[in-house]
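Structure at a glance
The chain contents come next:
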Amino acid sequence: GVDSRDELELDGYPGALSQILTNLVLNALTHAFTPHHPGRLTIAARLLPQDQVELTVADDGLGIPSDILPKIFDPFFTTRRGSGGSGLGLHIVYNLVTGTLRGTITVQSIPGEGTRFTLRFPRVTPTAGANVGKAELV
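Reference entry: report on the structure contained in this document.

Calculation rules
- Residues numbered from 1 in each chain as written.
- Predicted model: local features only at pLDDT ≥ 70, side-chain atom pairs only at ≥ 80, totals over all residues.
- Heavy atoms only, no water.
- Salt bridge = Lys/Arg side-chain N within 4 Å of Asp/Glu carboxyl O.
- Helix = DSSP H or I, 4+ residues; strand = E, 2+ residues; numbered from the N terminus.
- Buried < 20%, exposed > 50% of the residue type's maximum accessible area, 1.4 Å probe, protein only.
- Pairing = 2+ DSSP bridges.
- Contact = heavy atoms within 4.5 Å.
- Core = buried A, V, L, I, M, F, W, Y, C linked by side-chain atoms within 4.5 Å.
- Phe/Tyr/Trp six-rings, centres within 6.5 Å; stacked < 30°, edge-to-face > 60°.

Going through the model one piece at a time under the given rule, you end up with three salt bridges. Between Asp51 and Arg123 there is a salt bridge, with its nearest N and O atoms 2.8 Å apart. Remark: Arg123 occurs in the loop between strand E5 (114-122) and strand E6 (135-137) and Asp51 occurs in the loop between strand E2 (41-48) and strand E3 (52-59); sequence separation between them is 72 residues. On the basis of relative accessibility, which here comes to 33%, the residue Asp51 falls in the partly exposed class. Among the salt bridges present, the one from Arg120 reaches Glu54, with a minimum N-O distance of 2.4 Å. Of this pair, Arg120 sits in strand E5 while Glu54 sits in strand E3, placing them 66 residues apart in sequence.

Next up, the structure:
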């Protein structure tokens, strides 16, 4: 499901946001769910103080094992080598969030219960040269 207020408007890079959402959704469909473990994917957006946006993409799927969690943003890291996985999806998400959108991304996951990615970025994207965000595991 999607949860967002109609009046939330962004001024930035819609192509980057589209690619971020596409990669996070495809990642969930590829890794979180199986034919024997279907589930729910939720996308929510809200405006925070200081004109910041919080975007969450959460699933109630298989979750990410704790030994893999620190590596998920690394380039070419994949658990699906040989099955079409390039290991670039979440690396691209990280670079777009922290570079293009000038934000941060965090991930929380409990094996067997699901995964939640939380992105925070300015509603109006600052010009180049502003502070770059960072990824954080929670």
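From this point, the narrative continues.
The subject of this paragraph is the pairing of E5. In terms of burial, E5 is a largely internal element, seven of the nine residues being buried. Pairing analysis gives eight bridges linking E3 to E5, with the strands arranged antiparallel. From the neighbouring strand, Thr56 faces E5, where its bridge partner is Thr118. In the sheet, strand E4 (residues 104-110) pairs with E5 via seven bridges, with the strands oriented antiparallel. Directly across from Ile110, in E5, lies its bridge partner Gly114. Here E4 hands over to E5 after three residues, with Gly112 in that stretch at a positive phi of 85°.

With respect to the helices and strands, the residue Leu55 is situated in strand E3. The class of Leu55 is buried, set by a relative accessible area of 7%. In this structure the C-alpha to C-alpha distance between Leu55 and Ala44, which are eleven residues apart in sequence, comes to 5.7 Å. Once residues within four sequence positions are removed from consideration, Leu55 is found in contact with Leu17, Leu21, Ile43, Ala44, Ala45, Phe117, Thr118, Leu119 and Phe121.

To continue, consider the nonpolar core. Counting 28 residues, the largest nonpolar core has Ile20, Leu24, Ile72, Phe117 and Leu119 as the members making the most contacts within it. Not counting the four nearest positions on each side in its chain, Leu119 is found in contact with Ile20, Leu24, Val53, Glu54, Leu55, Val97, Thr104 and Ile105.

We now examine the packing of aromatic side chains. Inspection of every chain in the model, using the stated rule, returns two aromatic pairs. Ring plane angle 45° and centroid distance 5.8 Å describe the contact between Phe73 and Tyr94, whose orientation is recorded as tilted. A residue pair is termed long-range when its members are at least 10 positions apart, and Phe73 in the loop between E3 and helix H2 (89-100) and Tyr94 in helix H2 qualify at 21 residues. For Phe73, a relative accessible area of 10% gives the class buried. In this structure Tyr94 comes out as partly exposed when scored by relative accessible area, which is 23%. Taking the centre distance of 6.4 Å and the plane angle of 75° together, the rings of Phe73 and Phe117 count as edge-to-face. Here Phe73 is found in the loop between E3 and H2, whereas its partner Phe117 is found in strand E5, with 44 residues between them in sequence.

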